[in-house]
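So the chains spell out like this:
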Amino acid sequence: MKHTLSVLVENCPGALSRITGLFSGRGFNIESLCVAPTLDPTLSHLTLVTRGDEFIIEQIIKQLNRLVDVYKVIDVSEGEFVEREMALIKVRAEDETRAEVLRMCDIFRCKVVDVSPKTYTVEVTGPESKLKAVIELLKPLGIKEISRTGTIAIVREKKTI
Amino acid sequence: MAKLPGKKIIVEALKREGVDVIFGFPGGAVIDIYDTLEQDGSIKHVLVRHEQGATHAADGYARATGKVGVCLVTSGPGATNTVTGIATAYMDSVPMVVFTGQVPTALIGNDAFQEVDIVGITRPCTKHNYLVKDVKDLARVIKEAFYIAKSGRPGPVLIDIPKDVQNAKAEFDYPDTIKLRSYNPVVAPHNKQIERAYRLIEKSRRPVIYTGGGVVISDAHNELRALAEYINAPVTMTLMGLGAFPGTHEQSLGMLGMHGSYCSNMAMANTDLIIAIGARFDDRVTGKIEAFAPMAKIIHIDVDPTSIQKNVRVDVPIVGDCREALKKLVKVVKGSGLSPEFWQEKYALWWEQIHAWEKRHPFAYKKDNSVIKPQYVIEKLYEMTRDKNPVITTEVGQNQMWTAQFYKFDTPRTLITSGGLGTMGYGFPAAIGVQMAFPDRLVVDVAGDGSIQMNIQEMATAMEQRLPVKIVILNNQFLGMVRQWQELFYDRRYAATSFQLTPDFVKIAEAYGAKGLRATKVEEVESVLKEGLESDVLTVMEFAIAKEEGVFPMVPAGKATTEMLLV
Ligand SMILES: Cc1ncc(C[n+]2csc(CCOP(=O)(O)OP(=O)(O)O)c2C)c(N)n1
């Protein structure tokens with residue numbers, strides 16, 4: 001099962017490599033990893049996507065918590081949550097395909113963020129499935145380059161009071 | 001407040017931590033710290049002959065006393081030489097702080113002379129580590145390091161200090177207490193879980209208490225004994241747990257696992273309730289995991305949550321200090337209103353079964369008067385030292401297992417051995433550390449002829465410090481434990497395990513100014529032991545033992561623990 005973990009960690013040198021070292025050293029896998037500052041400059045926020053049965057996920061969470069630098073670990077995917085990924089896709093856009101790319105952007109609510117005579121660079125945001133769909137559809141038109149973030153996620157607030 | 005250079009901050013901080021001895025080896029990157037230590041003069045320094053020796057000595061000191069062991073070494077090769085010792089301490093949860101010198105901050109990353117990324121190298125084998133780049137952080141980091149090393153599940157912490165930081169100045173403000181928001185080990189166990197544990201105990205008909213090093217580390221031996229005696233449950237111990245419950249106690253089943261007693265392994269296979277305390281269901285204990293304790297419910301007490309539910313499914317997990325948990329459990333047990341007589345009666349049948357197993361296959365060996373049997377040497381050693389409150393360290397291999405089987409440890413911290421990593425060359429430097437802590441106690445390292453050669457250079461250290469450590473070498477001219485596997489599972493093809501050359505250990509001892517004794521006949525064993533144990537200098541006692549003796553019982557790796565090969 002895929003799990004998305006949200007990890008708050010002390011913003012100090014070596015903290016990230018302790019975490020990645022833990023995964024490689026214990027044979028857990030990391031599917032994606034995203035690191036960013038938080039409102040508190042002394043903490044970093046890490047979103048980590050991994051796979052495993054409940055046993056393995058329990059171990060991963062405990063092992064993460066055991067690291068001296070790790071402040072908090074939440075399995076976001078345990079309940080309702082929102083997750084997003086972003087990609088910048090440089091796609092060939094010449095003559096006949098130029099309009100086609102724009103049409104696609106419109107349907108998927110992507111943004112064109114850079115234009116050159118022969119390419120468009122498209123920004124797409126959404127869950128992983130949406131990015132996959134856009135990439136599949138743009139492929140035949142000629143993708144020159146892709147740059148993607150990992151997943152970021154946040155727990156949904158309760159809808160009831 | 002007066003400003004102090006980093007080197008002075010280090011020495012002052014060590015004094016505040018109550019450090020009375022440091023094990024180390026100098027070099028360019030720590031020469032300033034050494035100079036400061038020497039001028040200060042209040043902390044004893046033990047100069048070893050190899051940095052690995054320093055780490056094992058600090059480790060032995062820590063295991064014997066429960067205090068934090070401290071090492072000081074230089075950058076580069078000095079630092080890399082500590083890695084085995086650090087990993088050894090990490091696997092066995094030993095509190096230790098290792099100071100390494102580092103090249104000046106401006107040179108870090110430049111492949112400077114004797115530069116190595118020791119923080120990167122030791123990240124997976126330390127509980128935590130630091131590179132101190134600003135002298136202002138130094139005092140706080142040292143405080144944190146000692147706190148982390150000894151709290152929760154203890155472990156080694158490394159502090160890497162560049163040479164310029166040792167000389168830069170900062171105000172010295174050493175905090176009395178410390179709070180780390182990201183590090184809060186749970187020590188107080190949950191009352192609800194204790195209650196649940198008790199209900200399982202009440203229901204069980206065939207319980208086994210299975211204890212490990214955690215009981216020793218948390219000084220929970222009295223509470224363990226109180227529980228075991230009250231509920232009349234059998235106790236089996238891991239290698240690391242020996243001494244946590246008296247080996248001569250009638251409820252002790254001895255060690256379990258790969259070379260454990262027949263009775264322990266049979267009890268584990270047939271129990272309906274395992275009460276695991278400070279043990280971690282390591283593969284040497286469980287054997288083939290699918291076949292392990294098939295009928296058992298499991299209560300697991302451990303201070304480290306990652307140890308629980310890692311290898312086996314647990315019914316009642318209890319996270320917390322073993323001693324705290326046992327105290328509470330004993331209280332609940334006694335408060336339940338069931339009398340000791342009730343428990344005697346309740347497990348009478350179970351004990352009958354256990355005694356039958358005990359009788360069927362006790363630890364045994366084939367006696368022989370024409371050749372010295374290693375088990376006989378250990379038996380004699382036990383007889384002649386049991387009243388002397390000794391500390392026994394071991395190397396790794398058959399010597400270690402025979403010691404675990406034939407020496408009865410009645411008190412904690414009297415067997416000091418590398419369990420988790422199984423580091424050959426551990427026992428002798430560890431004995432040096434123990435003897436530094438207890439100058440008047442009898443300290444004996446039981447060694448194989450292979451292991452002793454891995455840190456034999458420390459004889460110079462022991463002589464220099466006038467430490468009367470005793471070394472018992474069980475010389476089979478083989479890397480015996482590996483040979484045993486080859487005999488059993490590789491058609492006796494002894495690849496690279498038979499020594500074509502063994503040095504004259506008596507002469508080696510003498511070359512260092514130590515005493516050397518040798519026994520080659522059964523009749524000589526006792527007199528050599530007698531003379532050696534009474535000696536007041538470092539003494540080597542070499543026993544030419546039966547070359548192809550094996551350690552039994554043995555559970556072949558990957559087999560169920562009931563599939564024991566017996567004598
Ligand atoms: C540093 C290290 N290298 C290799 C091993 C693998 N090993 C385990 S036991 C053993 C043999 C030990 O031989 P010896 O010290 O003579 O003891 P014996 O088993 O003969 O008592 C070896 C090589 C180890 N445990 N540690």
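What counts and how
Residues numbered from 1 in each chain as written. Chains lettered and ligands numbered in written order. Predicted model: local features only at pLDDT ≥ 70, side-chain atom pairs only at ≥ 80, totals over all residues. Heavy atoms only, no water. Helix = DSSP H or I, 4+ residues; strand = E, 2+ residues; numbered from the N terminus. Contact = heavy atoms within 4.5 Å. Areas by Shrake-Rupley, 256 points an atom, 1.4 Å probe, with all protein chains shown as cover. Near = heavy atom within 4 Å. Polar contact = N/O pair within 3.5 Å; in protein donor to acceptor, adjacent residues only side chain to side chain. Nonpolar A, V, L, I, M, F, W, Y, C, P; charged D, E, K, R; others polar. pLDDT = per-residue confidence, 0-100. Buried < 20%, exposed > 50% of the residue type's maximum accessible area, 1.4 Å probe, protein only. Arc of directions from axis to C-beta. Core = buried A, V, L, I, M, F, W, Y, C linked by side-chain atoms within 4.5 Å. Buried area = accessible area lost by both parts, 1.4 Å probe. Salt bridge = Lys/Arg side-chain N within 4 Å of Asp/Glu carboxyl O. Pairing = 2+ DSSP bridges. Axes fitted to C-alpha atoms, helices over the stretch in contact; angles between N-to-C directions. Expected span 1.5 Å × (residues − 1). Phe/Tyr/Trp six-rings, centres within 6.5 Å; stacked < 30°, edge-to-face > 60°. Lys NZ or Arg CZ within 6 Å of the ring centre and 35° of its normal.

**A word on the overall build of chain A**
Within chain A one finds 4 helices and 9 strands. Each helix (α) and strand (β) of chain A, taken in turn from the N terminus, gives the series β-α-β-β-α-β-β-α-β-β-α-β-β. Based on the C-alpha atoms only, the size of chain A along its principal axes is roughly 55 × 40 × 30 Å. When contacts within chain A are restricted to residue pairs at least 6 apart in sequence, those whose partners lie at least 24 apart make up 71%. Counting only carbon and sulfur atoms, one obtains 55% of the accessible surface of chain A, whose full area is about 9300 Å².

**Focus on the site of the ligand**
All names here are of chain B. Within the structure, the ligand sits among 17 residues, and Gln398, Gly422, Gly450, Ser451 and Gly480 are positioned closest to it. A distance of 3.4 Å is found between a nitrogen atom of the ligand and a backbone nitrogen or oxygen belonging to Met424. If one sorts the elements of the shell around the ligand by residue count, helix 21 (residues 480-489) sits on top with 3 residues. For the shell around the ligand, the residue count by class is 7 nonpolar, 9 polar and 1 charged.

**Focus: the confidence of the model for chain B**
For any part of a model where pLDDT is low, the fine detail of the predicted coordinates should not be relied upon. For chain B, the average pLDDT comes to 97, and 100% of its residues sit at 70 or higher. Listed scores for the predicted complex are pTM 0.97 and ipTM 0.92.

**Description of helix 1 (residues 15-25) of chain A**
For helix 1 of chain A, every residue scored as buried is listed here: Ala15, Arg18, Ile19, Leu22 and Phe23 of chain A. The buried residues of helix 1 of chain A occupy an angular sector of 135° when projected down its axis, which confines them to one face. Within helix 1 of chain A, the exposed residues directed more than 90 degrees away from the buried face are Ser24 and Gly25 of chain A. Residues of helix 1 of chain A that are buried make contact with strand 1 (2-10), strand 3 (43-51), helix 2 (54-66) and strand 4 (70-75) of chain A together with strand 6 (128-131) of chain B. Immediately downstream of helix 1 of chain A, the backbone of Gly27 of chain A shows phi near 70°, a positive value.

**Quick notes on the side chain of Thr539 of chain B**
Examined against the element boundaries, Thr539 of chain B turns out to sit in strand 20 (residues 539-544). Other than its neighbours up to four places away in sequence, Thr539 of chain B contacts Val469, Lys470, Ile471, Lys515, Leu517 and Gly532 of chain B.

**A few points about the nonpolar core**
All names here are of chain B. Core analysis: the largest hydrophobic core is formed by 96 residues, its most contacted members being Ile274 and Phe543. When residues in this core are grouped by element, the largest group, 6 residues, is from helix 14 (residues 322-335). Residues within four places of Ile274 in sequence aside, it is in contact with Val208, Tyr210, Met268, Phe281, Phe292, Ala293, Ala296, Lys297, Ile298 and Ile299.

**What about the interface of chain A and chain B?**
At the junction of the two partners, chain A supplies 18 residues and chain B supplies 18 residues. Buried surface at the junction of chain A and chain B, both sides included, amounts to about 1700 Å², of which 47% is carbon and sulfur. Per-residue buried area on chain A facing chain B is highest for Arg18, Phe55 and Val68 of chain A; these three make up 39% of the total on that side. On inspection of chain A and its partner chain B, the count reaches 3 salt bridges. With its nearest N and O atoms 2.8 Å apart, the salt bridge here joins Arg181 of chain B to Glu10 of chain A. Our enumeration of links across chain A and chain B arrives at 11 residue pairs in polar contact (both at pLDDT 80 or more). At the level of elements, helix 1, helix 2 and strand 4 of chain A are the ones that each hand at least two residues to the side of chain A that touches chain B.

**Side note on the sheet that holds strand 2 (residues 21-25) of chain B**
All names here are of chain B. Here we have 6 strands laid out as an open sheet, ordered 3-2-4-5-7-6, and parallel in their pairing. The open sheet is flanked by strand 3 (44-47) and strand 6, the only strands paired with a single partner. Averaged over all pairs of adjacent strands, the angle between their axes in this sheet comes to 20°, without regard to strand direction. By the bridge criterion, 4 bridges tie strand 6 to strand 7 (residues 156-162) in an arrangement that is parallel. Opposite Leu131, over in strand 7, you have Asp160 as the bridge partner.

**A look at helix 17 (residues 374-385) of chain B**
Residue and element names in this part refer to chain B. In this model helix 17 runs 16 Å from its N-terminal to its C-terminal C-alpha over 12 residues, within 8% of the 16 Å that 1.5 Å per residue would give. Every buried residue belonging to helix 17 is among Pro374, Gln375, Val377, Ile378, Lys380, Leu381, Tyr382 and Thr385, and all of these are buried. Residues of helix 17 that are buried make contact with helix 18 (398-406), strand 17 (443-448), strand 18 (470-475), helix 23 (522-534) and strand 20.

**Things to note about the packing of aromatic side chains**
In this structure the tally under the stated criterion is 16 aromatic pairs over all chains. Put simply, the rings of Tyr198, Phe342, Trp343 and Tyr347 of chain B touch in pairs and so form one group of aromatic residues. The ring centre of Phe55 of chain A lies 4.3 Å from the NZ or CZ of Arg313 of chain B, which sits over that ring. The residue whose ring lies beneath Arg483 of chain B is Phe478 of chain B, and the NZ or CZ to ring-centre distance is 5.6 Å.

**Quick word on the sheet that holds strand 11 (residues 252-255) of chain B**
All names here are of chain B. Spatially, 6 strands are ordered 11-10-9-12-13-14 in an open sheet, and the strand pairing comes out parallel. The open sheet has two edge strands with one neighbour each: strand 11 and strand 14 (316-319). When strand polarity is set aside, the average angle formed by the axes of neighbouring strands in this sheet is 15°. Summarising the sheet, strand 13 (residues 297-302) and strand 14 pair through 4 bridges and their orientation is parallel. Its bridge partner being in strand 14, His300 is matched across the sheet by Pro317. Along the sheet face, helix 12 (residues 262-270) touches strand 9 (207-211), strand 10 (235-237), strand 11 and strand 12 (273-277) and points at about 105° away from the line of strand 11.

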